[in-house]
Amino acid sequence: MAVSQPVWSRIDEAQHTDFIIQLGHGVYPLADRTVIDPETLRVMQSTGVYRFEGPGSYPTPDASDIRPPPQGMTARNNAVWMSRHLWQLSYESAQTPGYYALMVPVWWVADQLGGTMTAIYVMRIINALLIALLAPMAIVVAMRLAPGRMEVAVLAALFAILLPGLDLNATRVGNDALAIVLGAAAIVMSVRWTGGAWSVRRALLLGLLLGAGVLIKLTLLGLAPAVAAAMLWPARGPSLSRRAGLLMVTGLLVAVCLGVWFAINLHLYGVPVPSARTNWLSIVPPMSFDLRYVPFSIAFFVVSYWSGEPLGALPYAAGFVVLGSLVTLIAVAGLIKRWNLGGPALVGIAAIAGMLAVALLLPATAAFQFAGPGRYEYPALPAVAALTAVGVTALLARAFAWRSLAGIYGVGAAAILAAGALGLAAEASPVGAGIPPSDVTLVTTQANAQHGAFSISIDSLALDPVNHATWVHITATNAGPQEAEWNPAPVADGVTADYARSTHLPGDLEPGERASGWIYLPLEVRRGDTLTLRFRDVAQDSYASVADVAVQLSV
């Protein structure tokens, strides 16, 4: 996955890389104001990957027009601007800086020796080597939970390393891999030392490890319940009051490490945590809580845990999500059957629950503008893998049963990763010719609409009943004194036009500019029908005015 998945991964790999490049050039970027480095931009232009969608599915941005967001936009207008321009900002600098600062010397050397693309792959391979440590970590935890049971250790290693979502997401450039490994190491220590003789040395070591992890990725604070449970669990030697004191030492070290990030933010933003500004870095407007968000968030967490992001990047992932969920249910049933698990297992469960809580509750701090992905759970993977192995072997007592399940799981995961490496991604779709085929029926029509100085007219349609589609010929005109931006893929009767198959019209029109071409609608229209095409979010006057333009026509 490190060498085969496309550059860039659309889950923010460019911006993670840009943070490293900016630091390497002596700049600590402001997440909501600093635009990407020219080195990052050159790779974007060479790959065609700018936004969260696949290349060719949206208008190629104007790389000569890179700027910070306009001031004073409404929440809705800001979300529209971000959906089109967020790629321009070095927004991953809102994260704690540990990983990026550590990688600067590596980037310098690799970039000098082989250029930017070589440096990207070097960083990816480093991340791949880091997450390879999860298999032995899972074995250590499994041997603590089930001493002497080699089958549990082997299963734990299988579940830890053959996880397509992990192998996809943690091998791109980003802070996930190092955060996962540090979090996993904290779990290994906590599980091994549960019920043991806690000492000042152990408390300091665990505090430094978790503190360093938090400086890599803030979400590792979700491991705090597991650390607390491990240190407070009844143990030989130190009294409860002494263990509580050692826990405070561990917490103090984590707080000191966090203080470094708070100090950086105070210098850059004037506040310890700049969420009031960084929450605007979203393509979705702020939303209030809705009960429907709960099942959606859980479903997204489960699917992305097994298959990774972006959804559809790996082939056959849907079936594997079902298989992985079945394995989880079997494991949970087995753990319930073996209800008397003991302290180390409960510490592992606390780690899993803490990271799950982070994934599901963190969006509430950002007005539910995103759903927590399954990769937030990966730092707890040694505990997840070991407990899964314990549960599966407890419920499927016969060796043939658990070996068969493990074989199906291993072969399925390996096949998905191999197919992904070969480029058989489910999301891949060919770009069309941009014009109707020769055997369609042409129909002349006349319709137009406008918003301010921006107008759209339609003069003909091409009916394509063979492919259950309709082609619409449009002309967009900007008669205003400033640039206008729009979405050339309209919505008609709840169906969104396919930009990849359409004429690739630009997403921005300069003053006095006109653009025309064919829009492909995967919607069959017949003579006598009435059709409304809604062109969303036409922006004028530097996003002071944003509105839809709806064109009604009769066929």
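First things first, this report covers the structure right here in the doc.

A separate point is the overall build of the chain. Within the chain, the regular secondary structure consists of 18 helices and 10 strands. The C-alpha radius of gyration of the chain comes to 26 Å, within 12% of the 24 Å expected for a compact globule of 555 residues. Here the chain holds 555 residues, and the buried ones make up 53% of them. Counting only contacts in the chain whose residues sit at least 6 apart along the sequence, the fraction spanning at least 24 positions is 73%.

Moving on, we get to the packing of helix α4 (residues 98-114) against helix α5 (residues 116-131). Two numbers describe how α4 lies on α5: the axes approach to 8 Å, and their chain directions differ by 135°. Here α4 lies oblique to α5, going by the angle between them. Regarding α4 and α5, the two cross each other, and that crossing is right-handed. Side by side, α4 and α5 meet where Y99, M103, V106, W107, A110, D111 and G114 of the first sit next to T116, T118, A119, I120, V122, M123, I126 and N127 of the second. Residues of the contact of α4 with α5, tallied by class, amount to 10 nonpolar, four polar and one charged.

Before going further, it helps to spend a moment on the sheet that holds strand β2 (residues 454-464). Taken in spatial order, the four strands make up an open sheet running β1-β2-β3-β8, and their pairing is antiparallel. Strands with a single pairing partner mark the edges of an open sheet, and in this sheet they are β1 (441-451) and β8 (514-521). The average angle at which neighbouring strand axes cross in this sheet is 20°, direction not considered. Taken together, the 10 bridges between β2 and strand β3 (residues 469-478) define a ladder with antiparallel strand orientation.

Of all 10 residues in β3, 10 are buried; the element is thus mostly enclosed. Direction of pairing for β3 relative to β8: antiparallel, over a ladder of eight bridges. Bridging across to β8, T475 finds its partner in S516.

Cut-offs applied
- Within every chain, residues take consecutive numbers counted from 1 along the sequence as written.
- Side-chain atom pairs in this predicted model are given and counted only at pLDDT of 80 or more, local residue features only at pLDDT of at least 70, and totals for whole chains, interfaces and linings cover all residues.
- No hydrogens and no water enter the side-chain calculation; it runs on all heavy atoms of the structure.
- Strands are runs of DSSP state E lasting at least 2 residues, helices are runs of H or I lasting at least 4, and numbering of each runs from the N terminus.
- In this description the radius of gyration comes from C-alpha coordinates, and the expected globular size is given by 2.2 Å times residues to the power 0.38.
- Under the scheme applied here, a residue whose accessible area is under 20% of the maximum for its type counts as buried, over 50% as exposed, and between as partly exposed, the area being computed with a 1.4 Å probe on protein chains only.
- Throughout, a contact is declared for two residues whenever any of their heavy atoms are within 4.5 Å.
- The axes used here are C-alpha line fits, helices contributing only the stretch in contact, and every angle between their N-to-C directions lies in the interval 0 to 180 degrees.
- Each angle gets one of four labels, with under 35 degrees taken as roughly parallel, over 145 as roughly antiparallel, 65 to 115 as roughly perpendicular, and the rest as oblique.
- A clockwise turn of the near helix away from the far one marks a right-handed crossing, whereas an anticlockwise turn of less than a right angle marks a left-handed crossing.
- The nonpolar class holds Ala, Val, Leu, Ile, Met, Phe, Trp, Tyr, Cys and Pro. Asp, Glu, Lys and Arg form the charged class, and all remaining residues, Gly among them, are polar.
- Two strands are counted as paired when DSSP detects at least two bridges linking them.

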